[in-house]
Amino acid sequence: MSKTTDELIESLSADAPRVAPGAVGRRVALGLGLGGAASAVLMLAWLGPRPDLADAVMTPMFWMKFGYAAATGLLLAAVLIRLSKPAARVGSLALVAAAPFAVVAAMAVMRFVQAPPEAHRAMLMGHSSMICPFRIAAIGLPVLAGAVWAVRGLAPTRLTLAGLAAGGCAGALGAMVYGFACNETSAPFLAIWYTAGMVVVAVLGTLGGRSLLRWR
Amino acid sequence: MDDIEPRLRGLMLAGLAGEAVPYRRLLDELSRLLRAYYGRRCPPGVDAEDLVQETLIAVHTRRATYDASQPFTAWAYAIARYKLIDALRRGRFHLRAPAEEADALFVPAGADAAMAARDLERVLGELPERTRALIRETKIQGLSTREAAQRHGMTETAVKVAIHRGLKSLGGKYAETVGGSDVEDD
């Protein structure tokens, strides 16, 4: 019985080259990068960049949208890297990952209370609130696929939590890509509808984590 | 045993650096620890040694996920536990619930002895045929080892070994569920 285990150990240790540090981070980055590239292609083919993109990049609101989504995506990628390892502890990084949302939400509340009441509805709903979250979710899906590919090849042991991080990260990076197609300009819109799009993908990741991220 | 973490961690770091000899020693030690861990926790129907091997393979193929800033024992334990849970979930063991007549549920009082006999037959049914016959003849019908040996054309030693192995394998499988009570019954 243990003879075959000895043989297994023999063959495993005969084929154990050096492992470069940081391999986990590189694999997650590769998965997210490939997924993000696919998302960008999807966005360009489906919606196209906003026609006034050249002017928009001169405005702070464009960069606020970009910054919110990119910062959330990167912080959740760091959480995902932790959760791709056995015995992972997320710790205070989960709180830090919520910081960009806190900033955007605070700014949204400030803008909202400063604005005249007749402007409130336009600030909250923009002109695309009913389609924005679903577009973000759709554009986030290729990133989720890339994240799932990367994490399955590692060793997550808390699958639901890893699914949540993968979904949240994919939703945020999807929102970052969508920001190049979307011409909404209000902070309350960003805080509500962009966040809603990210949450949709995060929920998908959470529900699918246990089955999608299972490895053998 | 306080030194186990620094020792295994040292072996692991050497292994990650590509040194085969310490890495091999690590896998050897892990296989012993895993055998004890799964041996105590495997439900009937799961081969603990399969789990040991699967876990060693996972440790090997996913060794890049070990973060040198974290304890090695926690990392290895998390993989071992994941593999155990995965084996249970995959239903490689399925609790046996044979289809019976309805009166299996509605048993008259005092039928315990009959049920115990039925359980015994079921348990013995997992052994090879000859071992089963030997155990039944010597332990239940009361034949001596010599009589059983003559009946099966075996040496007495071979009979003893076969019975010992048979009982031991049953003991291994059922130790957690029946172990305590059959000592008291004696």
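Numbering of residues starts from 1 in every chain and runs along the sequence as written. Lettering for chains starts from A, numbering for ligands starts from 1, and both go in the order in which the items are written. Only residues with pLDDT of at least 70 are given local features in this predicted model, and only at 80 or more are side-chain atom pairs given and counted; all residues enter the totals for whole chains, interfaces and linings.

1. A closer look at the overall build of chain B
Every helix listed is a DSSP run of H or I at least four residues long, and every strand listed is a run of E at least two residues long, numbered separately from the N terminus. Counting secondary structure elements, chain B contains 8 helices and 0 strands. For chain B, with 186 residues in total, the buried portion stands at 22%. Considering only residue pairs separated by 6 or more positions, chain B has 52% of its internal contacts joining residues 24 or more positions apart. Residues with at least 20 other C-beta atoms within 10 Å of their own are called buried, those with 12 or fewer are called exposed, and the rest are partly exposed. The C-beta atoms themselves are positioned from the backbone. Here contacts are defined at the residue level, using C-beta atoms placed from the backbone and a cut-off of 7 Å between them.

2. Concerning the overall build of chain A
When helices and strands are tallied, chain A shows 10 helices and 0 strands. Written out in order from the N terminus, the α and β elements of chain A read α-α-α-α-α-α-α-α-α-α. Expressed along its principal axes, the backbone C-alpha trace of chain A runs to roughly 80 × 35 × 30 Å. Expressed as a percentage of the 216 residues in chain A, the buried residues total 46%.

3. Observations regarding the interface of chain A and chain B
Facing 20 residues of chain A, the contacting portion of chain B comprises 27 residues. If you list the elements that add at least two residues to the side of chain A that touches chain B, you get α1 (2–14) and α2 (23–46) of chain A. Considering every element that reaches the side of chain A that touches chain B, the biggest residue donor is α1(A), with 6 residues. For this scheme, ten residues count as nonpolar: Ala, Val, Leu, Ile, Met, Phe, Trp, Tyr, Cys and Pro. Four count as charged, namely Asp, Glu, Lys and Arg, and the remainder, Gly too, count as polar. In the side of chain A that touches chain B, the residues fall into 14 nonpolar, 4 polar and 2 charged.

4. A short note on helix α6 (residues 99–114) of chain A
All names here are of chain A. Its 16 residues give α6 an end-to-end C-alpha distance of 23 Å, which sits within 8% of 22 Å, the value for a rise of 1.5 Å per residue. Buried within α6 are the following residues: P100, V104 and A108. The arc that holds the buried residues of α6, viewed along the axis, is 65 degrees, so those residues lie on one side. More than 90 degrees from the buried face of α6, the exposed residues found are A99, A102, A106, M110, V113 and Q114. Those residues of α6 that are buried are in contact with α4 (60–83) and α10 (187–212). Expected helix span is computed as 1.5 Å times (number of residues minus one). Note that the arc is computed from the directions linking the helix axis to the C-beta atoms.

5. What about the nonpolar core?
L80(A), A147(A), V151(A), A165(A), A166(A) and C169(A) are the most contacted members of the largest nonpolar core, which totals 90 residues. Looking at which element gives the most residues to this core, the answer is helix α9 (residues 159–178) of chain A, with 14 residues. What A166(A) contacts, discounting residues up to four positions off in sequence, is L80(A), L144(A), A147(A), V148(A), V151(A) and G205(A). The next biggest cluster of nonpolar side chains, apart from the first, holds 5 residues, and it includes L134(B), I135(B), V159(B) and A162(B). We define the nonpolar core as any set of buried residues of the types Ala, Val, Leu, Ile, Met, Phe, Trp, Tyr and Cys, connected via C-beta atoms lying within 7 Å of each other.

6. Re α9(A)
An α-helix turns once every 3.6 residues. As a result, residues three or four positions apart point the same way. Its 20 residues give α9(A) an end-to-end C-alpha distance of 28 Å, which sits within 8% of 28 Å, the value for a rise of 1.5 Å per residue. Burial within α9(A) is extensive, with 19 of its 20 residues counted as buried.

7. Here we look at the environment of H60(B)
Examined against the element boundaries, H60(B) turns out to sit in helix α3 (residues 48–61). Linking H60(B) and L27(B), residues 33 residues apart in sequence, is a C-alpha distance of 8.7 Å. The residues contacting H60(B), other than those within four sequence positions of it, are L12(A) and A16(A).

8. Description of the environment of A181(A)
Residue and element names in this part refer to chain A. Structurally, the position occupied by A181 is in the loop between α9 and α10. In this structure A181 comes out as partly exposed when scored by C-beta crowding, with 16 C-beta atoms within 10 Å. When the C-alpha positions of A181 and G73 are compared, they lie 18 Å apart, and in sequence the two are 108 residues distant. Discounting residues that sit within four places of it in the chain, A181 has contacts with M43, L47, G48, P49 and R50.

9. Description of the confidence of the model for chain B
Keep in mind that low pLDDT regions are not for reading the predicted coordinates in detail. Residue and element names in this part refer to chain B. Averaged over every residue, the pLDDT of chain B is 81; the share at 70 or more is 81%. The predictor rates its confidence in each residue with pLDDT, a number between 0 and 100. Low pLDDT, under 50, characterises residues 177–186; the predicted model gives this stretch 1 contact beyond four residues in sequence or across chains. Overall fold confidence (pTM) sits at 0.76, and the ipTM for the predicted complex is 0.89.

10. Structural notes on the packing of α9(A) against α10(A)
Axes here refer to lines fitted to C-alpha atoms; in helices the fit is confined to the stretch in contact. Angles between the N-to-C directions go from 0 to 180 degrees. Remark: α9(A) packs on α10(A), axes separated minimally by 6 Å, with the N-to-C direction vectors making an angle of 145 degrees. Between α9(A) and α10(A) lies a crossing whose hand is right-handed. Throughout, a crossing is termed right-handed when the near helix is turned clockwise from the far one, and left-handed when it is turned anticlockwise from it by less than a right angle.

11. A word on the packing of α4(A) against α10(A)
Residue and element names in this part refer to chain A. For the pair α4 and α10, the least separation of the axes is 12 Å and the interaxial angle reads 35 degrees. Crossing geometry of α4 relative to α10 is assigned as right-handed. Together, M64, K65, Y68, A69 and T72 of α4 and L190, Y194 and M198 of α10 make up the contact between the two elements. Of the residues in the contact of α4 with α10, the class split is 6 nonpolar, 1 polar and 1 charged.

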